[in-house]
Amino acid sequence: MTDRSLIARPVAHRVRWRTPSFDRISFYGLPLVLPLAVLTIWQVATVRGWLAPQILPSPSDVAVTFIDLFVSGDIVTGLAISLRRILVGFALGATGGLVLGVALGRSIRVEQYVGPSLRAIAQVPSLGWLPFLMLIFGLGETLNYVVIAKACFVPIALSTAAGIRNIPVRYIEVARVLRLRRRTMVLRVVLPGALPTIFSGVRIALGHAWIAMVVVEMLADTAGVGYMMTWGRTLFQIDIVIVGMVVIGIVGFAMDAGLRATERRLRQWTPDHV
Amino acid sequence: MRATNLLDIRAVSKTYIVDDEPVEVLRNIHFTVAEEEFVTVIGESGCGKSTLLRLIVGLDIGYCGDILLDGTRIAAPGRDRGIVFQDHRLLPWLSVEQNVALGLDASDESPAAVKQAVAANLDLVKLADFGRAYPHQLSGGMAQRAAIARALVAKPRILLLDEPLGALDSQTRAYLQDELLRIHQRGKVTMVMVTHDIEEAVYLSDKIVVMEPRPGRVRGIVPVELPHPRNRAAADFIAVKERVLASLVNGPPLCFDAAPKSRPIVPDGRARRFG
Amino acid sequence: MSRISLTVGRPSIASRRGMAIPCVLILGWIVVGSTGLVDRHFLVPFQRVVTVPFLDPDGRTVWLGLAASLARMVAGFAIGAGAGALLGFAMGLSRFGNRLIGPSFTAVRQVTVFAWIPLLTAWFGNGEEAKLVFVALAALFPMALNTQQGLRDVPVAYRELASVLRLSPRRRFTRVLLPSALPSIVVGIEIALISAWIGTVGAEYAMGFGRGVGIFLVQGREQFRMDIVIVGVIALAVVGYLINATFRSLLARWVPWRGNPS
Amino acid sequence: MVRFFFKTLLAVSFVVLTSTWASAEEAPQTIRFGAVGSGYGQQVGTQVVSIAHIKGFVQDEIGNPAVKLDWNYFTGTGPAINEAIANGQLDFAQYGSLPAIIARANGVPTKIILSGGGTNIYGVVRSALSIKTIADLKGHSVAIQKATILHWSLLETLAANGLSEKDITILDLKTADQLAALAAGSADASFGTVNVLPLRDQGIVRVIYTSQHDNPRATGPSAFLVTEAFAAKYPELTKRIVRGFVRGAQWVAQPENREEALQIWAKSGVSYDSLKQEYAGELLHDRFDPRLDDFFRGQYADGIRFSKDQKLIRKDVDLAQWIDPQYQDAAFASLGLTNFWPSRNRDGIAATN
């Protein structure tokens, strides 16, 4: 009843977790529990026929389809197309976003004129822009590039502006006292100072770009991983759909992991942060 | 004694506007700094001594009166003045060498000359082996020495020090005080240092400007005519200390404002926005 | 950042400037639209877009659609954010839970939420169920992630303080962990709401069937009615904006110690 | 996440279980019908099923007011209805041949019980282009949704005009996107249903081909289907419902009802004018012939062959197993309509009795 009876518990709890033997088992074993359980139930469900196979194909069917699609090159070509779109769209959007972001961050006037509109635009998801953009650009690569570029543009512009504005005034003063040249100021003080924030913007941007691309491919395109899934749905072959999800997940994961690694390298001067 | 006045501060006043109300930070400051002199400005916190340094270095130019360097009124930061802040303010993403080289960015020196000047100044502050290191790899004292090198690399006429040793432990502090003296003598640099440590002021300077707060005013100027090296335990050293302390405590009565919000505590970083 | 009261009393300079671009665009729209320089299928006259939601029989269905979408969003959000918070607490409070669920959660989270649509329609059809599940899913991930991160990032100093004060687990949670994680959790709620809204419209758009802003959009497109499409997109944007704006004001009240969000 | 997966599993099994359990009752509480709808407005489509629904023929035949009839008109087409059937959310459906073939090949258990009649398929080109005939399409891009009757109809029509898939570029787009693609000029032509007519009225496209007029065999066929589970549990009820559908077809076939039928269909959002043009110069009697005759079988056999050629399906579909004419025969006999619609041969020519 008293507080005392409750106190002992967390301490005991923590100590138990610190014993090395349990830690090792739990560390490597625990993450596998859920996936294995899901796979087992999934397999049993399909073998026992709890669910119609056209709704839930067996894991082995999905694996076979995955290998088929991989060997036949469908996945690879689809991915290549998708990745090229991301790359081009990102290059366009990030360049524009960086330029506008620097302007927003350095000039209060630009911020006052453009900032509110930009933030309002950020409220409308890519999905909302799609109908317009389709009418203006038609269907095809241009549309993809534009949608992805738009998805990258806004977060990068906003994060660049925030990053620049949040550079500690101490550093700006150092630059003034040392009378740095404009170029040095931007390259050595402003951009590196804003880099962590910009980079988190880049990560958001690429995440958005990937989502936007999947959406466009699913809704309004005839190639790429997203289209592959829609096609699987049309043909009522859910195994293709699941393979598509797995591929999207893997690529998303790889992209994020790559960006994290890059971020760590870029910020080597502060290994104690993050 | 010293012939010319390098820095001449005449009737300098400074008022900030905070929440639509004027706050007087400096009132009618007068003093001079001669060539190669080491002057310390001392006073309790809030007496405007850091503001004064910011005016001298040119970060803040909205003031009344004149601050003359070699007879020219200061209106912007310039190569003839270097400053060391209390926090070292080395850019964390640049190595020590790169940080020091920033001091010569505005000059037309050739890359080789820059390299040589950087090496010479790192040598001066005894950091020759740490050129490649990043700031986070340095101790506080080392970082402060690197900051000194950065301030000196452009060969300023005058080096301003804003409580440069304030954040250091007493051992490092004592060591750096000797280093400062060594650099002052070896480099023939004029220095103006802000501190709130009386012993430090007496130990280092040729002249101590004692300030009182709210608004910041000069309460007295105490010359220190002791030979170097000075002995902190010597009777004449203690006598000077007592004089400074006396002028701090026994001067004209301190005037305290009732309203705490009128305290002119304006963070350095923010000051720019009020100008 | 520039919260210094230089503009107190005349707050409009900044906001007036902010309105400049939208005003110029709308003016341009009205002018170009009435001159008929551009094909009217592409650029519907501005006046038409303003009147369609009130006067046009097809356009008027936007209100019903909006109501249906909002109801759907709220229901889906409640389910998804609730489940997400539970997941987040499980991962953020217990190392066991984090090790058990965390890696699977991270892996599944990488699948773009829209990629679930074909699977969900296969499992649940095109009706309300599939949409609710999708909206819930859209809300679940940000909610769980932010809850977990908020708890994970509770400063060690506070944890140590809780240990030193020998707080009971419950007090430790209510007085230290939860308040410290709350800003992150509140941000999670906001993102979850926005995702739920986008998810609602996206689900309607991709699955069809029934009523909703997304279906309104699809129908406008199928009938090639640009005015309807524009009205739909505006409805979508306005709700997103309102969610954001309401939230900003709520945030200050709920998390007073967080300071001003900037 | 995984917890969620369990929840979905539970939910799915719950739905499956309850639907099986429910069908063990004397009469089901609700009978679910699905069909293709379009546009805004009311829950109604443009086929016989909507007539049987709105005019109350099905309710009338069931005769039990306790049984609730649930009519669902899907804005998404084939795949959506397939999914609904596979989820046990529908008992009866009327929709196009190709999605139904795909579902059947994937093992969704259904029976074909009536022909749903044909949907006119229009070939349209952007007004700016000089294309006049199907043969002119060579080298152009055509927007259609693949794996639908439009896809099938396009390739059939190309073949009839000496072209093949390789002579054109197919853009696989949904209806709304086709319109956008045509308007923006990223597609040159499209094959579509009555939905393309507004675009023609706005002057964006020209119609160069209509299947009903130029190639009746390539008119989009549709059928009424019942799930095997429902037919097995409620054979008597199934018969009555089919009678209701047939009465709908018979009502539509009466020339005096034509106007009212168009009015009902126009509630779906497809404009009255478009519908009038769709059926201009034609007897609805012929268009909505519900017989599972040689013409119908031929069209479905074509569809199956096409699906295999296009690798839309992995398994074959046995048409004879799939079509179950017993309900139709019983309905014709009991309604005295055995000769109301003449049997058509493979090419759609009515056999002279």
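Residues numbered from 1 in each chain as written. Chains lettered and ligands numbered in written order. Predicted model: local features only at pLDDT ≥ 70, side-chain atom pairs only at ≥ 80, totals over all residues. Heavy atoms only, no water.

Examining the pattern of salt bridges
All names here are of chain D.
Point 1. With the rule as written, the count across this model stands at 52 salt bridges over all chains.
Point 2. Here E260 ties to K55 by a salt bridge, and the two come within 2.7 Å at their closest N and O atoms. In this pair, E260 is assigned in helix α12 (residues 258-266) and K55 in the loop between α2 (48-54) and α3 (57-62), connecting sequence segments 205 residues apart.
Point 3. Given the relative accessible area of 34%, E260 is considered partly exposed.
Point 4. By relative accessible area, which is 31% here, K55 ends up partly exposed. (Salt bridge = Lys/Arg side-chain N within 4 Å of Asp/Glu carboxyl O. Helix = DSSP H or I, 4+ residues; strand = E, 2+ residues; numbered from the N terminus. Buried < 20%, exposed > 50% of the residue type's maximum accessible area, 1.4 Å probe, protein only.)

Let's talk about the sheet that holds strand β4 (residues 64-69) of chain B
Residue and element names in this part refer to chain B.
Point 1. Strand order in the open sheet formed by four strands is β2-β1-β4-β5, and the pairing between neighbours is antiparallel. Each end of this open sheet is capped by a strand with a single partner; those strands are β2 (21-34) and β5 (72-73).
Point 2. With ten bridges joining them, strand β1 (residues 5-18) and β2 adopt antiparallel strand pairing. What sits directly across from Y16, in β2, is V23. (Pairing = 2+ DSSP bridges.)

Digging into the confidence of the model for chain B
Point 1. Per-residue pLDDT for chain B has a mean of 78; in total, 89% of the residues score no lower than 70.
Point 2. Confidence over residues 253-275 of chain B falls short of pLDDT 50; this stretch has 36 contacts with residues more than four positions distant or in other chains. (pLDDT = per-residue confidence, 0-100. Contact = heavy atoms within 4.5 Å.)

A closer look at a nonpolar patch on the surface
Residues and elements named next belong to chain A.
Point 1. Taken together, the side chains of I67, F70, V71 and V76 define a hydrophobic patch exposed on the protein surface, amounting to about 400 Å² of accessible area.
Point 2. The element that contributes the greatest number of residues to the nonpolar patch is helix α3 (residues 59-71), accounting for three residues.
Point 3. Here V71 lies in helix α3. (Patch = residues over 30% accessible without salt bridge, like charges linked within 9 Å, V, L, I, M, F, W, Y side chains within 5 Å. Areas by Shrake-Rupley, 256 points an atom, 1.4 Å probe, with all protein chains shown as cover.)

Focus: the interface of chain A and chain B
Often the size quoted for an interface is simply the accessible area lost on bringing the parts together.
Point 1. The interface is formed by 20 residues belonging to chain A together with 28 residues belonging to chain B.
Point 2. When the two sides are added together, the surface that chain A and chain B hide from each other amounts to roughly 2500 Å², 62% of it contributed by carbon and sulfur.
Point 3. Here R89 of chain B and E173 of chain A are joined by a salt bridge, their closest N and O atoms 2.8 Å apart.
Point 4. On the surface where chain A and chain B come into contact, there are six residue pairs in polar contact (both at pLDDT 80 or more).
Point 5. Secondary-structure elements contributing two or more residues to the side of chain A that touches chain B are α8 (169-177) and α9 (182-220) of chain A.
Point 6. For the side of chain A that touches chain B, the element with the most residues is α8 of chain A, which contributes seven residues. (Buried area = accessible area lost by both parts, 1.4 Å probe. Polar contact = N/O pair within 3.5 Å; in protein donor to acceptor, adjacent residues only side chain to side chain.)

Some words on the sheet that holds strand β7 (residues 158-162) of chain B
All names here are of chain B.
Point 1. In spatial order, the strands read β6-β7-β8-β3-β9-β10; together these six strands make up an open sheet with mixed pairing. Of all the strands in the sheet, just β6 (81-84) and β10 (217-223) have a single pairing partner and so form its edges. Across this sheet, the average inter-strand angle for adjacent strands is 20°, counted without regard to direction.
Point 2. Relative to strand β8 (residues 190-195), β7 runs parallel, the two sharing five bridges. Bridge assignment links L161 to a residue of β8, and that residue is M193.
Point 3. Strands in contact with helix α5 (residues 170-187) are β3 (38-42), β7 and β8; relative to β8, the strand with the most contacts, it is inclined by about 155°. (Axes fitted to C-alpha atoms, helices over the stretch in contact; angles between N-to-C directions.)

Things to note about the packing of helix α10 (residues 225-234) of chain A against helix α11 (residues 238-266) of chain A
Residues and elements named next belong to chain A.
Point 1. The contact between α10 and α11 brings their axes to 8 Å, and the two run at 160°. Considering their axes alone, α10 and α11 lie roughly antiparallel with respect to each other. Helix-helix and strand crossings are classified by hand; for α10 and α11 the assignment is left-handed. Facing α10, whose interface residues are V225, M228, M229, G232 and R233, α11 presents I240, V241, V243, G244, M245, V247 and I248.
Point 2. Here the contact of α10 with α11 is built from residues that sort into nine nonpolar, two polar and one charged. (Parallel < 35°, antiparallel > 145°, perpendicular 65-115°, else oblique. Left-handed = near helix turned anticlockwise from the far one by under 90°. Nonpolar A, V, L, I, M, F, W, Y, C, P; charged D, E, K, R; others polar.)

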